[in-house]
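Residue strings, one per chain:
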Amino acid sequence: MRANSISDKLFSILKPLRSQLQLSAIPSLCSAANGQILVPGNTFCRIKCPEGCLSGSARSFGVQPPFRACWESRSLDVASFLCPCLPASVNLCPSRSNPAPSSEVQGLAYVTAAGDDTPSVLGGPSAAVGSSLAKSGGRGCSKCHCKRKERPPSLDQRGHGTDGLPKVLPREEEWLSEGFSSYNGGGMNGTSTMMDFLEEPLPGVGTYEDFNTIDWVREKSRDRDRHREITSRSKESTWALIHSVSDAFSGWLLMLLIGLLAGSLAGLIDISAHWMTDLKEGVCLAGFWFNHEHCCWKSNTTFTDRDKCPEWKSWSQLILGHGEGAFAYILNYFMYVIWALLFSLLAVLLVKGFAPYACGSGIPEIKTILSGFIIRGYLGKWTLIIKTITLVLAVSSGLSLGKEGPLVHVACCCGNILCHLFTKYRKNEAKRREVSYYFPLKTLWRSFFAALVAAFTLRSINPFGNSRLVLFYVEFHMPWHLLELVPFILLGIFGGLWGAFFIRSNIAWCRRRKTTKLGKYPVLEVFVVTAITAILAFPNEYTRMSTSELISELFNDCGILDSSKLCEYVNDFNSTKGDDLPDRAAGPGVYTAMWQLALALIMKVFITIFTFGMKVPSGLFIPSMAVGAIAGRLLGVAMEQVAYYHHDWAIFSGWCSQGADCITPGLYAMVGAAACLGGVTRMTVSLVVIMFELTGGLEYIVPLMAAAMTSKWVADAIGREGIYDAHIRLNGYPFLEAKEEFSHKTLAMDVMRPRRNDPPLTVITQDSMTVEDVETIINETTYSGYPVVVSRESQRLVGFVLRRDLIISVENARKKQDGIVSTSIIYFTDHSPPLPPSSPSMLKLRSILDLSPFTVTDQTPMEIVVDIFRKLGLRQCLVTHNGKLLGIITKKDVLKHIAQLANQDPDSILFN
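Nothing here was measured: the structure is a model prediction, and the numbers come from that model.

Trainee: I'm lost on the sheet that holds strand E13 (residues 876–881) in this one. Help?
Mentor: The strands that make up a sheet are held in pairs by hydrogen bonds between backbone atoms, and each pair lies either parallel or antiparallel. Pairing is mixed in the open sheet, where three strands are placed in the order E12-E13-E14. Edge positions in the open sheet fall to strand E12 (855–857) and strand E14 (884–890), since each of these has one partner strand only. Between one strand axis and the next, the sheet turns by 35° as a mean value, whatever way the strands run. Against the sheet, helix H28 (residues 862–872) engages E12, E13 and E14, with an angle of about 60° to E14.

Trainee: Which parts of the structure should I look at to understand the sheet that holds strand E9 (residues 797–802)?
Mentor: The strand order E6-E8-E9 describes an open sheet built from three strands, whose pairing is mixed. The sheet is open, and its two borders are formed by strand E6 (764–765) and E9, each paired with just one other strand. Sheet topology places E6 next to strand E8 (residues 785–789); two bridges connect them, and they run parallel. Bridge pairing in E8 links Thr765 to Val789. Where helix H27 (residues 803–816) meets the sheet, it contacts E6, E8 and E9, and its direction lies at approximately 75° from that of E9.

Trainee: So what exactly am I meant to see when it comes to helix H29 (residues 891–901) here?
Mentor: Quick reminder: α-helices carry 3.6 residues per turn. Residues three or four places apart thus point the same way. Burial in H29 covers these residues: Lys891, Asp893, Val894, Leu895, His897 and Ala899. Buried-residue contacts for H29 involve helix H25 (748–751), H28 and E14. One or two positions beyond H29, positive phi appears at Asn903, with a value near 60°.

Trainee: Can you help me understand the state of the cysteines in this one?
Mentor: What makes a disulfide is a covalent bond joining the sulfur atoms belonging to two cysteines. A complete count under the given rule lists two disulfides for this structure. Bridging Cys284 to Cys295, the disulfide has an S-S length of 2.1 Å. Taking the torsion about the sulfur-sulfur bond, which here is approximately 75°, the covalent link between Cys284 and Cys295 counts as right-handed. With Cys284 in strand E4 (residues 282–284) and Cys295 in helix H7 (residues 292–295), this residue pair connects regions lying 11 residues apart in the sequence. We note that Cys412 lacks a disulfide partner, and the nearest cysteine sulfur, in Cys413, lies 7.2 Å from it. Of the residues examined, Cys412 reaches a relative accessible area of 24% and is grouped as partly exposed. Sulfur of Cys413: no disulfide; nearest cysteine sulfur belongs to Cys414 and is 7.0 Å away.

Trainee: Please clarify how the side chain of Ser400 should be interpreted in this entry.
Mentor: Following the sequence through the fold, Ser400 ends up in the loop between helix H11 (381–396) and helix H12 (404–419). Overall, the relative accessible area of 3% leaves Ser400 in the buried class. A polar contact is formed between the side chain of Ser400 and the side chain of Thr608, at a distance of 2.7 Å.

Trainee: Please clarify how unusual backbone geometry should be interpreted in this entry.
Mentor: Negative phi characterises most residues that are not glycine, and trans characterises most peptide bonds. The omega torsion of the bond from Arg753 to Pro754 falls at 5°, within 30 degrees of zero and hence cis. Inspection of the secondary structure assignment puts Pro754 in the loop between H25 and E6. The phi dihedral of Arg682 is positive, around 65°, even though this residue is not glycine. Note on placement: Arg682 falls in the loop between helix H21 (665–681) and helix H22 (685–695). Looking at Arg682, the relative accessible area reads 7%, which means it is buried.

Trainee: Help me understand the pattern of salt bridges, please; the structure alone is not making it clear to me.
Mentor: When their charged atoms lie close together, side chains carrying opposite charge are able to pair. All chains considered together, the criterion is met by 19 salt bridges. Between Arg376 and Glu429 there is a salt bridge whose closest N-O contact spans 3.8 Å. Pair noted here: Arg376 is in the loop between helix H10 (363–370) and H11 and Glu429 is in the loop between helix H13 (423–426) and helix H14 (441–461), with a separation of 53 residues, a long-range link. Judged by its relative accessible area of 37%, Arg376 falls in the partly exposed class. For Asp716, the salt bridge is made with Arg682, and the minimal N-O distance between the two is 2.8 Å. Taken together, the residues span a long stretch of sequence, with Asp716 in helix H23 (residues 701–718) and Arg682 in the loop between H21 and H22 at a distance of 34 residues. Per residue, the accessibility class of Asp716 equals that of Arg682, and both read buried. When salt bridges that share partners are traced, they join Asp223, Arg226, Asp247 and Lys431 into one network.

Trainee: I would appreciate a short explanation of the environment of Ile503 in the present structure.
Mentor: Tracing the chain through its elements places Ile503 in helix H15 (residues 485–515). Classification of Ile503 by relative accessible area gives buried; the value is 7%. Expressed as a C-alpha distance, the spacing of Ile503 and His727, which sit 224 residues apart in the sequence, is 9.3 Å. Those residues in contact with Ile503 that sit more than four places away from it in its chain are Gly679, Val680, Arg682, Glu721, Gly722, Ile723 and Ala726.

Procedures and definitions
- Residues numbered from 1 in each chain as written.
- Predicted model: local features only at pLDDT ≥ 70, side-chain atom pairs only at ≥ 80, totals over all residues.
- Heavy atoms only, no water.
- Pairing = 2+ DSSP bridges.
- Helix = DSSP H or I, 4+ residues; strand = E, 2+ residues; numbered from the N terminus.
- Axes fitted to C-alpha atoms, helices over the stretch in contact; angles between N-to-C directions.
- Contact = heavy atoms within 4.5 Å.
- Buried < 20%, exposed > 50% of the residue type's maximum accessible area, 1.4 Å probe, protein only.
- Disulfide = S-S within 2.5 Å.
- Polar contact = N/O pair within 3.5 Å; in protein donor to acceptor, adjacent residues only side chain to side chain.
- Salt bridge = Lys/Arg side-chain N within 4 Å of Asp/Glu carboxyl O.

Here it is as C-alpha cells:
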C-alpha cells in the first residue's frame with residue numbers, strides 16, 4: 001500500500017505539469033521518491049532518475065539526450081502504462097543470444113510481472129537486473145508488452161486482464177484525456193520491433209530538388225494547416241495571440257521591405273548608369289561623380305549652350321587641351337570605344353565568374369519559377385549582387401539593351417531573399433509564388449502596397465533629376481484628331497511586323513549560339529558585338545547617346561527654346577499663339593536629323609537581334625521602344641510636312657488649317673514605341689498601362705490601345721509566341737501557357753506512362769518491400785516520385801511518395817535508428833504487418849506518404865487534364881481504371897504531348 005500512497009502523491013504533483021514536464025522539477029520528485037520516480041497507478045513501472053535528471057537543467061524531459069529514448073512524449077506513457085518506459089529498439093530481456101540487456105536502458109524503468117507490490121528497479125546491466133529477473137523466475141520480459149492505447153478486454157480480480165496485462169485505472173484514463181500521448185511502438189518481446197519514424201519532419205523532407213516542379217496542392221494544404229494551428233493556439237495564451245498577430249502582419253512587413261529595397265536599387269542603378277554612360281564622353285571637373293547634366297546645373301552658360309559648360313570636359317579637352325579638329329575627334333572616338341569595351345568585358349567576366357544566372361533579362365525564367373519550377377540560385381543573393389552591378393555596366397557600355405526587364409529579376413531576388421526572414425514564406429514554396437496560378441485579393445493589395453513603397457522610395461531618391469517618377473515625361477499641347485488613327489494603325493502594323501521579324505531572327509541566332517561552338521565563347525561574343533556597336537554608334541549622335549535619352553528626345557514636343565536638330569524648323573513668329581507653335585516648314589537640321597534617325601533605325605533593328613541573349617544582363621523594353629519611337633518620329637514629321645504643304649487636302653479640311661498646330665510628331669513617336677514593344681512582347685492591356693506610367697500621357701490612351709492591338713494581331717498572324725514565351729520554349733522550361741487553348745481530342749490513356757510497349761510502372765507496395773528493395777528502385781530509376789499500392793497483384797492505389805522524401809527518410813533511419821537493416825520492412829500503413837518473431841525492426845514512413853494524390857481515369861479527355869494542370873499547378877496526376885493504377889501523367893508529359901501535336905520536337909522539354 002505504501003507504493004500506492006507514494007504514487008498518489010506523485011500523481012498530484014505531476015498532474016499540473018502534464019503538458020510540459022521540465023527537468024527543473026525532477027530533482028524534488030527524485031528526492032521525494034528516494035531517487036526514483038514511481039509512475040502513478042498499479043502498473044509496477046518506475047523510472048530511476050539518471051544523473052542528468054538531477055542537474056536542474058530547464059530542458060524539456062526527453063527532448064534532449066540522454067532522455068530522448070526515455071521520454072519523447074511517449075516513453076513515460078501514463079496513458080497505457082504497458083511497458084512504456086523503454087525505447088522500441090532496446091532489447092531488455094537476457095537470453096542465450098543476448099546475455100545482457102542493452103546499455104541504453106540505464107536509468108530506465110523496468111516492468112515486472114510480479115504479483116506483489118514491490119516493483120523491481122532496473123539500474124543498468126548489473127546484478128540488480130539478475131535479482132529482479134530472478135524474482136519472477138526469469139519470465140519478467142515475457143509479459144512486458146508495449147501497446148498503443150489498447151485497453152484490456154476484461155479484468156481479473158487482481159487488476160490484470162485475461163491476457164495477463166495490467167489494467168488501466170480510471171486515474172490513468174484521466175491522464176489520457178488530458179493530453180498525454182501513448183507509445184506508438186510495436187511488440188516488445190525482445191526480438192521484433194518497429195519504429196514509428198518521422199513524428200517530427202526531418203530536415204529536407206517536403207522540399208524539392210533543383211529543376212523540379214513544386215506540388216501546389218500539397219504546399220497550399222500545408223499553409224492551411226499551419227494557419228489553422230496558429231489560429232487555434234491564439235486562444236490559449238497571450239504569447240500565442242501575439243504570435244498569431246505577427247504572423248498575419250508579416251506579409252505587409254515583407255511588402256514594405258521589398259518596396260524599400262527594390263526602390264533603392266532601382267534608383268541606384270539609374271543614377272550609376274547615367275553617370276557611367278556620360279563617362280565615355282568626358283568627366284566633370286567639379287566632381288568626377290557628377291554626370292553631364294548634374295555637372296552643368298550651376299553653370300552660368302546660356303540656355304542654348306547649357307550642354308557646353310566649362311565644368312564638363314571631353315577626353316580630348318582633358319588630354320589635348322582642345323576639343324576641335326580631327327585628332328580630337330579620333331581621340332574621343334577611341335576613348336568611347338575603350339570605355340564601352342571595358343564596361344562590357346567587366347560585366348561578362350563578373351557574370352561568368354560569380355553568377356551565371358545574372359545574364360539575360362530574367363523574365364522567361366521568372367515566369368517559369370512563378371509557375372512552380374525550382375531553379376536553385378536564380379533568385380539568390382549572389383545573383384542579386386552581380387545582376388545589379390553588371391546591369392549598370394552593360395547599359396553604360398552602349399549596347400542595344402535596356403534595364404527594365406532585368407529590374408524585374410532584381411526585384412524578384414529582393415523578394416526571395418527577404419522571404420527567408422519570415423517562417424511562413426521560408427518553408428512554403430507556394431507562398432513565395434502567390435502571383436502565378438492564382439492572384440488572391442490580399443496579394444493584390446500587398447502588391448499595391450509594395451509598389452507604393454517603391455515609388456515613394458524612388459521619388460525620395462529622385463534619380464531623373466526632375467522630381468517626377470516617370471522616365472519619359474511628355475506634355476503635348478494639342479489633342480489628337482480622329483483621322484490620325486490611320487497613321488497610328490500603320491505604326492501598329494509596323495510594330496507587329498518588326499516584332500515577328502525580331503522574334504524569329506533572335507530565336508534563330510540564340511539556337512545557333514546554343515548548338516554551336518559560339519556558345520562556348522561568351523566573352524569573345526560580347527567583345528565583338530560591343531566593338532561593332534561602339535564603332536557604328538559614335539559617328540551618329542542619335543546612336544551615341546544612351547537609348548533612354550534618345551527616346552526622351554524623340555518623345556519631346558518642340559518648343560521655342562529647343563536646340564535639338566529635330567526642332568530646327570523655319571520659324572515664323574508672326575503666327576505663334578502663346579506657347580503653341582504652328583506646323584512649320586522643316587529646316588536643314590530636321591532633314592539631317594531624319595537621315596541620321598533612318599540610319600539609327602537600321603542599326604537598332606539588326607544589332608538588337610544579336611545583343612539580346614548574350615551573357616550580360618539585357619532588357620528588351622528600351623531597345624524595342626527606341627525602334628518604334630524612331631519610326632514614329634519619322635512618320636510624324638512626314639505627316640506634319642504633308643499637313644503644312646497640303647493643308648487644303650480633303651483629309652485635313654476642317655481640322656488642320658494653315659498656321660494651325662495640327663500634328664504632334666512626339667505623339668507618333670510614343671505610339672510607335674508602344675506598337676513595337678507590343679509586337680515583341682505581345683502585351684496589350686499591361687503595355688498601355690506601362691506606357692502611361694512611363695510618359696504620364698493619360699489622354700493618349702486610345703491611340704496607344706489602337707496601336708497595341710494592331711501590332712498584336714499582325715504579329716500573332718505570323719507567329720503566336722512572344723519573345724519571352726519563345727525563349728521559354730527554346731530553353732525547354734516546363735511552363736504551361738494559360739492563354740493557349742487545347743483543342744485536340746486525345747485521352748489521358750494516350751499520354752500516360754507506361755505506354756503499351758514500355759516496361760511496367762515502377763511502384764512501391766505499402767507493407768511488403770524491404771529497405772534494400774526501395775533503395776534498389778531509387779538507384780535504378782530517376783523518377784521524382786513513386787505510387788504506393790496495396791500489392792503488385794491488386795494495383796490498388798494507396799498514395800504517392802516523393803523520391804527526395806524517401807531518400808532522406810531511409811538514410812536518416814539507417815544512421816539514427818537501431819535495428820534498421822537492408823532486410824527491414826518499410827510500411828506505409830497505420831499498423832505493422834504480421835511478421836515472424838525473428839524479423840528485424842520495421843520502418844514506418846506513413847508520414848511522408850501523400851494519401852490524396854490527384855487521379856483521373858484513363859478515359860478523361862486531355863483537354864480537361866491540361867486545364868487541371870494549369871489551374872491547380874499539378875506536378876503529376878495518376879491514371880486509374882476501376883480503382884486500379886494504370887499509369888502516371890507528369891507536367892513534362894503534358895508539355896511533350898502539346899509540343900508533339902504542334903509538330904515541334906517533344907524532346908525540347910529538357911527538365912523534369
